[in-house]
Amino acid sequence: MQKIIEIKNGVVRHPQMRMGAPIDFELLAGEQLAIVGDNGSGKTRLVDVLMGKCALMPMQGVKYDFTPSKAKMVSDNIKYLSFRDSYGTNEGVYYYQQRWNQNDIDETPLVKDLLAESFRIAEEGLTRKTVFDRFVVRDETPEQEAERLRQEEEDKMLMHKELEKVRKHLFDIFHLEQLLDKHVILLSSGELRKFQLTKTLMTNPRVLIMDNPFIGLDVTARGQLAEFLTLLTKETNVSLVLVLSKTDDIPDFITHVVPVKDMKVEGKMALQEYRDSMQPVPARMLSEEKEKAILALPYDAGADTQATPGTEQVIDFRKVNIRYGERTILKDLSFTVMNGEHWALSGENGAGKSTLLSIVCADNPQSYANDIVLFGHQRGKGESIWDIKKHIGYISPEMHRAYMRDILSIDIVASGLSDVSGLYKKPKPEQRAVCEFWMDVFGIKRYADTTFLKLSSGEQRLVLLARAFVKDPSLLILDEPLHGLDLKNRRLVKDIIEVFCQRKNKTMIMVTHYREEYPENIDHEIFLKKN
């Protein structure tokens with residue numbers, strides 16, 4: 001049986017990047033793997049080893065056999081799509097709130113141009129020469145050389161047709177034609193996921209590693225992606241490796257599972273064997289002691305929002321319209337959120353959920369051109385964005401992508417006290433105590449003095465959740481708060497949300513594509529459709 005990737009007793013050279021035990025791993029032809037484990041268990045570090053980013057000790061290197069792939073470089077045969085996909089890197093520099101500012105939007109590339117460039121790079125990868133190819137001396141006659149060059153050209157044409165077939169299939173299932181003329185910065189979280197998946201899959205890799213590929217996609221898109229990946233495994237030689245935190249819905253096309261626990265790679269097992277071994281998540285993860293501590297917190301938000309639940313308008317949209325160029329995002333949207341209500345916001349990818357929230361959070365300048373009341377104040381009547389933000393605790397995928405500075409986690413949590421992202425200062429002793437309280441509630445107090453980028457993406461999400469809660473806000477806005485969290489942490493965060501919302505004068509809007517993620521105290525729903 002062909003071993004596409006093989007590691008025996010592998011030990012990473014750099015001491016700080018080592019796993020908790022030597023690595024034994026193999027990916028056989030025909031296998032489709034899921035790498036699973038809790039947040040911070042070592043899944044991403046294992047992926048770094050598989051891709052050759054972490055060099056192993058001498059004589060313990062990773063062995064590859066990418067047959068029948070024509071590409072010869074590891075980087076051309078193994079592609080990785082991380083959970084923390086970004087508007088940045090090749091798409092240009094990205095900063096938080098950029099997608100709401102028209103002048104900055106116009107300077108970002110279009111989706112069609114980036115996909116065309118990705119297709120060109122994919123073709124180059126299939127014909128890229130290695131150092132050996134460039135300098136090898138062949139003992140062949142002119143006729144043999146001509147035949148070899150003819151065969152190479154024929155292979156190139158066949159590879160082009162194969163790539164074109166993959167490209168067309170991707171465009172069809174993700175309905176990408178309607179995204180091609182959009183600036184990449186205007187893509188919603190779900191649309192960005194489709195774009196990144198397409199860009200990666202168009203390279204037609206031998207091994208495709210995807211970190212939580214289904215999060216951020218609506219129900220329809222998740223089904224389409226699962227169907228496409230199933231077809232991909234049947235009709236091509238690609239081997240899929242999914243890195244999953246949400247392990248209760250591993251796709252059926254996965255054949256084997258590799259658990260990672262406490263920085264140790266455990267033995268590979270068949271999918272059904274793994275499912276049979278799964279332990280149920282406790283019905284409650286938040287301790288009774290911490291629940292009482294949250295309920296006992298004094299209410300000290302701004303006086304403007306203290307009122308009997310159900311009698312004060314926290315949010316009032318009156319026929320709101322948001323447009324970018326010729327594209328209408330929100331059209332004649334009217335809805336009212338009263339104090340103490342808890343809303344679930346859902347809808348299709350690209351329907352305007354994040355745009356709606358950007359207006360509530362005073363991040364979108366188009367709010368001034370609409371009839372909007374927040375916390376009893378008409379927008380554009382003299383209040384500053386800070387008057388609004390002081391009442392709001394907020395987390396979103398865009399915010400997560402924008403946090404790229406490797407500073408202490410507790411400093412990021414503390415930045416929630418001042419509503420400023422990007423400017424950090426050491427918290428005062430009394431502020432540090434509040435930050436440590438919420439970090440303890442979310443189970444990450446031990447990471448207070450660990451820098452943000454040293455944490456796994458799931459641990460980073462918990463830090464940003466603590467930041468959203470740290471000032472005890474009147475209005476919680478949680479945009480896909482459970483992204484990238486393992487099953488236990490998902491249950492923990494749901495517990496925290498439910499307890500927090502039991503308190504007087506606490507209003508919430510939560511965005512999610514999974515109904516099972518709804519906290520029990522959701523009492524209103526709104527579903528957005530594309531215009």
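See the structure above.
Model, not experiment: these values are computed from the prediction.

Peer 1: I would appreciate a short explanation of the overall build of the protein chain in the present structure.
Peer 2: Along the backbone of the protein chain there are 17 helices and 19 strands. Contacts in the protein chain between residues far apart in sequence, at least 24 positions, make up 74% of those at least 6 positions apart. Accessible area of the protein chain: about 23900 Å², with a carbon and sulfur share of 52%.

Peer 1: Got a minute to help me understand the sheet that holds strand β11 (residues 313–324) in this structure?
Peer 2: Backbone-to-backbone hydrogen bonds pair the strands of a sheet. The strands run either parallel or antiparallel. Read from one edge of the open sheet, four strands run β12-β11-β14-β15, paired in antiparallel fashion. Each having just a single partner strand, β12 (327–338) and β15 (377–378) make up the two edges of the open sheet. Two strands pair when backbone bridges link them, and strand β14 (residues 371–374) and β15 are joined in this way by two bridges, in the antiparallel orientation. The residue of β15 that forms the bridge with L374 is H377. Against the sheet, helix α11 (residues 353–360) touches β11, β12 and β14, its axis set at about 125° to β11.

Peer 1: Teacher, can you tell me more about the pattern of salt bridges here?
Peer 2: For side chains bearing opposite charge, pairing can occur when the charged atoms are close. Applying the stated criterion to the full structure yields 30 salt bridges. Across the pair K168 and D172 runs a salt bridge whose closest N-O atoms are separated by 3.1 Å. In this pair, K168 and D172 are both assigned in helix α6 (residues 142–174), four residues apart and thus about one turn of the helix distant. The class for D172 is partly exposed, based on a relative accessible area of 44%. One salt bridge connects D449 with R432, and the closest N-O pair in it is separated by 3.3 Å. Of this pair, D449 sits in the loop between α15 (429–441) and α16 (457–469) while R432 sits in helix α15; the two residues are 17 residues apart in sequence, bridging distant segments of the chain. On the basis of relative accessibility, which here comes to 26%, the residue R432 falls in the partly exposed class. Taken together, the shared-partner salt bridges in this structure form one network comprising R284, E291, R491, D495 and E498.

Peer 1: Please clarify how the sheet that holds strand β2 (residues 23–28) should be interpreted in this entry.
Peer 2: On the basis of which strands lie adjacent, the open sheet formed by three strands has the order β2-β1-β4 and antiparallel pairing. Both outer strands of the open sheet, β2 and β4 (63–64), are each paired with one neighbouring strand and no more.

Peer 1: Could you clarify how one ought to interpret the side chain of K182 in this entry?
Peer 2: Tracing the backbone through its elements, the reader meets K182 in the loop between α6 and α7 (189–201). Excluding its chain neighbours within four sequence positions, the residues that come into contact with K182 are P109, L110, V111, L187, E191 and R327.

Peer 1: Is there a simple way to think about the nonpolar core in this case?
Peer 2: Across soluble globular proteins, you tend to see nonpolar side chains buried next to one another. Ranked by size, the top nonpolar core spans 79 residues in total, and within it I315, F317, L356, W438, F442 and F469 carry the most contacts. The element best represented in this core is α16, accounting for seven residues. Among all residues touching I315, those that are not within four sequence positions of it are F335, T336, V337, V360, V373, L374, L475 and I509.

Peer 1: Explain the packing of helix α10 (residues 288–295) against helix α17 (residues 487–500) here, please?
Peer 2: In helix packing, the relevant descriptors are the interaxial angle and the interaxial distance, both defined with respect to the helix axes. Interhelical geometry of α10 versus α17 gives an angle of 35° and a closest axis separation of 9 Å. The chirality of how α10 crosses α17 is right-handed. Across the interface between the two elements, E291, I294 and L295 from α10 touch I496, V499 and F500 from α17.

Peer 1: Please clarify how α17 should be interpreted in this entry.
Peer 2: Counted at 1.5 Å a residue, the expected span for α17 with its 14 residues is 20 Å, and the 20 Å between its end C-alpha atoms agrees. With 13 of 14 residues buried, α17 is to be regarded as a mostly interior element. A distance of 3.2 Å separates the backbone nitrogen of K488 from a side-chain oxygen at the start of α17, and that oxygen is part of D486.

Peer 1: Any chance you could explain the side chain of D479 here in plain terms?
Peer 2: As for its position among the elements, D479 is in strand β17 (residues 475–479). One polar contact links D479 to S354, side chain to side chain, over a distance of 3.2 Å. The residues contacting D479, other than those within four sequence positions of it, are S354, L357, I395, S396, P397, E398 and V511.

Peer 1: When you look at the layout of surface pockets in this model, what are you seeing that I'm missing?
Peer 2: Size it by volume and the second largest pocket reaches roughly 920 Å³. At the level of elements, β8 (256–261), α9 (271–277), α15, α16 and α17 are the ones that each hand at least two residues to the lining of the second largest pocket. Here the lining of the second largest pocket gets four residues from one element, more than from any other, and that element is α17. Residues that form the lining of the second largest pocket fall into these classes: 18 nonpolar, 11 polar and 10 charged.

Peer 1: Help me understand the pairing of strand β16 (residues 392–395), please; the structure alone is not making it clear to me.
Peer 2: In regular strands, side chains alternate between the two faces of the sheet. Neither face of β16 is exposed, since I392 and Y394 on one face and G393 and I395 on the opposite face are all buried. Of the pairings in the sheet, the one linking β16 to β17 comprises four bridges and is parallel in character. Of the residues in β17, the one forming a bridge with Y394 is I477.

Peer 1: Could you clarify how one ought to interpret the packing of aromatic side chains in this entry?
Peer 2: How two aromatic rings sit relative to each other is given by the distance of their centres and the angle of their planes. Throughout the structure, instances matching the rule amount to nine aromatic pairs. Note on F437 and W438: the rings are 5.2 Å apart at their centroids and 85° apart in plane angle, and the pair reads as edge-to-face. A relative accessible area of 25% places F437 in the partly exposed class. Ring pairs connect the aromatic residues F437, W438, F442, F469 and F500, which therefore count as one cluster. In this structure, R503 is placed above the aromatic ring of F500, and the distance from its NZ or CZ to the ring centre is 5.5 Å.

Each value, and the rule that gives it
Residues numbered from 1 in each chain as written. Predicted model: local features only at pLDDT ≥ 70, side-chain atom pairs only at ≥ 80, totals over all residues. Heavy atoms only, no water. Helix = DSSP H or I, 4+ residues; strand = E, 2+ residues; numbered from the N terminus. Contact = heavy atoms within 4.5 Å. Areas by Shrake-Rupley, 256 points an atom, 1.4 Å probe, with all protein chains shown as cover. Pairing = 2+ DSSP bridges. Axes fitted to C-alpha atoms, helices over the stretch in contact; angles between N-to-C directions. Salt bridge = Lys/Arg side-chain N within 4 Å of Asp/Glu carboxyl O. Buried < 20%, exposed > 50% of the residue type's maximum accessible area, 1.4 Å probe, protein only. Core = buried A, V, L, I, M, F, W, Y, C linked by side-chain atoms within 4.5 Å. Left-handed = near helix turned anticlockwise from the far one by under 90°. Expected span 1.5 Å × (residues − 1). Polar contact = N/O pair within 3.5 Å; in protein donor to acceptor, adjacent residues only side chain to side chain. 1 Å grid on protein atoms, 1.4 Å probe; cavity = no way out; pocket = protein on both sides within 12 Å on 5 of 7 lines; lining within 4 Å. Points joined across faces, edges and corners; volume = space filled by probe spheres on them. Nonpolar A, V, L, I, M, F, W, Y, C, P; charged D, E, K, R; others polar. Phe/Tyr/Trp six-rings, centres within 6.5 Å; stacked < 30°, edge-to-face > 60°. Lys NZ or Arg CZ within 6 Å of the ring centre and 35° of its normal.

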